[in-house]
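# Chain and residue survey
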Amino acid sequence: MVVVTARRPLRWVAAAGVLVVLAMVASALITNPAWEWEVVRLYLFAPSVLRSVLVTLQLTALGIGLGFALGTVLALMRLSDNRLLSSVAWGYVWLFRSVPLILQLLFWYNLALLYPRLSVGVPFGPEFFDFGTMDLIGPLTAAALGLALHQAAYAAEIVRGGLLSVDPGQREAAAALGLPRARRLFRIILPQAMRTIVPNAGNEIIGLVKGTSVVYIMALPELFYQVQVIYNRNGRVMALLLVAAIWYLALTTVLSIVQYYVERHYGRGRR
């Protein structure tokens, strides 16, 4: 018996159309002198740009690290049988998901206008010591704090969704074996929940890399702010924006590759 492959001419037509469009895009990028590729090459690895990339990575690491640490605590509070804990966690998520990130950053940046000095002591009672708000919360601290608290609200829902995705029978079986709660969580429930958590967490991390550009309002020398400073000085707007775009593409590509391997690690044994 001879097997005849079905002909699908529309696929070839679609593929040819895509190739034509890609060739047109490449031609527009390469042949148009307005992109100023020489200027792009000049500033792509400039010391000031490289320093701004490091600031972007620092803000991303602080926002994700602190955000997911706090988000995990909030997720466990949401799943708690204690009504007070679950209500407080729900209120936190509601508040920080409702207020735009740029407003949260401006609030922390201008906290000294509300509280010139912060004190530690008994509520409605004596104060043990106090310190100036401006001395404690500088621009970088305010940016990291704002990003972390904002990210924690989304991280809490990601972690909670991952924990709820685990079959309740797994919890019951672990409890029947007499395993301590902490061991049940970290050795049985969390590794299975990571299959659901990692894809969503990866999206949040990649989103935060780009979201750090919002802190330009605080005059922090992150990537987007730095290219603005340069093109305001030399007038090469499109070339410097392309420098920022290339760096954002590079950073998100690396994170996407890391996410792929982490997903593959936790997805072992499942097609």
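Residues numbered from 1 in each chain as written. Predicted model: local features only at pLDDT ≥ 70, side-chain atom pairs only at ≥ 80, totals over all residues. Heavy atoms only, no water.

Before going further, it helps to examine the overall build of the protein chain. Along the protein chain, the regular secondary structure elements total 12 helices and two strands. Helices and strands in the protein chain line up, N terminus first, as α-α-α-α-α-α-β-β-α-α-α-α-α-α. For 271 residues, the compact-globule estimate of 2.2 N^0.38 gives 18 Å, and the protein chain exceeds it by more than 25% at 25 Å. Each principal axis of the C-alpha atoms in the protein chain carries an extent, and together these give about 75 × 70 × 30 Å. In the protein chain, which comprises 271 residues, the proportion classed as buried is 34%. A separation threshold of at least 6 residues defines the contact pool for the protein chain, and within that pool the share at least 24 residues apart is 72%. Roughly 17,200 Å² of accessible area belongs to the protein chain as shown, and the carbon and sulfur atoms make up 67% of that amount. Counting 23 positive and 12 negative side-chain charges, the protein chain places the centres of these two groups 13 Å from one another. (Helix = DSSP H or I, 4+ residues; strand = E, 2+ residues; numbered from the N terminus. Rg over C-alpha atoms; globule rule 2.2 N^0.38 Å. Buried < 20%, exposed > 50% of the residue type's maximum accessible area, 1.4 Å probe, protein only. Contact = heavy atoms within 4.5 Å. Areas by Shrake-Rupley, 256 points an atom, 1.4 Å probe, with all protein chains shown as cover. Lys, Arg positive; Asp, Glu negative; His and termini not counted. Charge placed at Lys NZ, Arg CZ, Asp CG, Glu CD.)

Burial of nonpolar side chains together is a common tendency in soluble globular proteins. Core analysis: the biggest nonpolar cluster contains 39 residues, and Phe68, Leu74, Tyr92, Ile197 and Val215 have the highest contact counts within it. Not counting residues up to four positions away in its chain, the partners in contact with Tyr92 are Leu70, Leu74, Leu149, Ala152 and Ala153. Counting 20 residues, the second largest nonpolar core, distinct from the first, contains Val53, Leu223, Val227 and Tyr231. (Core = buried A, V, L, I, M, F, W, Y, C linked by side-chain atoms within 4.5 Å.)

One can describe the packing of helix H3 (residues 47–78) onto helix H10 (residues 181–211) by two numbers: an axis separation of 12 Å at closest approach and a directional angle of 140 degrees. Considering their axes alone, H3 and H10 lie oblique with respect to each other. For H3 against H10, the interelement crossing comes out right-handed. Mapping the contact onto sequence places Thr56, Thr60, Gly63, Ile64, Phe68 and Leu76 in H3 and Leu185, Ala201, Glu204, Ile205, Leu208 and Val209 in H10. (Axes fitted to C-alpha atoms, helices over the stretch in contact; angles between N-to-C directions. Parallel < 35°, antiparallel > 145°, perpendicular 65-115°, else oblique. Left-handed = near helix turned anticlockwise from the far one by under 90°.)

A few words now on the packing of helix H11 (residues 223–234) against helix H12 (residues 237–266). Contact geometry of H11 with H12 gives a least axis separation of 9 Å together with a crossing angle of 160 degrees. For the element pair H11 / H12, the angle class is roughly antiparallel. Remark: the crossing between H11 and H12 carries right-handed chirality. Across from Leu223, Phe224, Val227, Ile230, Tyr231 and Asn234 in H11, the residues of H12 making contact are Val237, Leu240, Leu241, Ala244, Trp247 and Tyr248.

Tallying each qualifying case throughout the model produces six aromatic pairs. Ring plane angle 0 degrees and centroid distance 6.3 Å describe the contact between Trp90 and Trp94, whose orientation is recorded as stacked. In this pair, Trp90 and Trp94 are both assigned in helix H4 (residues 83–98), four residues apart and thus about one turn of the helix distant. Accessibility expressed as a relative area gives 49% for Trp90, which makes it partly exposed. (Phe/Tyr/Trp six-rings, centres within 6.5 Å; stacked < 30°, edge-to-face > 60°.)

Let us look at unusual backbone geometry. Negative phi is the rule for most residues except glycine; trans is the rule for most peptide bonds. Positioned with a positive phi, Glu36 is a non-glycine residue whose angle comes to about 55 degrees. Position of Glu36 relative to the elements: it lies in the loop between helix H1 (9–31) and helix H2 (37–44). Notably, Ala219 is not glycine yet its phi reads approximately 60 degrees, a positive angle. In this structure, Ala219 sits in the loop between H10 and H11.

Another aspect to go through is a nonpolar patch on the surface. There is a patch of nonpolar side chains on the surface, built from Val21, Val25, Leu29 and Ile30 and spanning about 350 Å² of accessible area. As for its placement among the helices and strands, Val21 is situated in helix H1. (Patch = residues over 30% accessible without salt bridge, like charges linked within 9 Å, V, L, I, M, F, W, Y side chains within 5 Å. Salt bridge = Lys/Arg side-chain N within 4 Å of Asp/Glu carboxyl O.)

A word on the UniProt feature "transmembrane region" (unreviewed entry) in the protein chain. The positions that UniProt labels "transmembrane region" (unreviewed entry) are, in the present scheme, residues 12–35, 55–77, 89–109 and 237–262. Taken end to end, residues 12–35 is 83% helix and 0% strand, and its two terminal C-alpha atoms sit 33 Å from one another. Between the C-alpha atoms that bound residues 89–109 the distance is 24 Å, and the span itself is 90% helix and 0% strand. (UniProt positions renumbered as here; feature names shortened; annotations may be inferred.)

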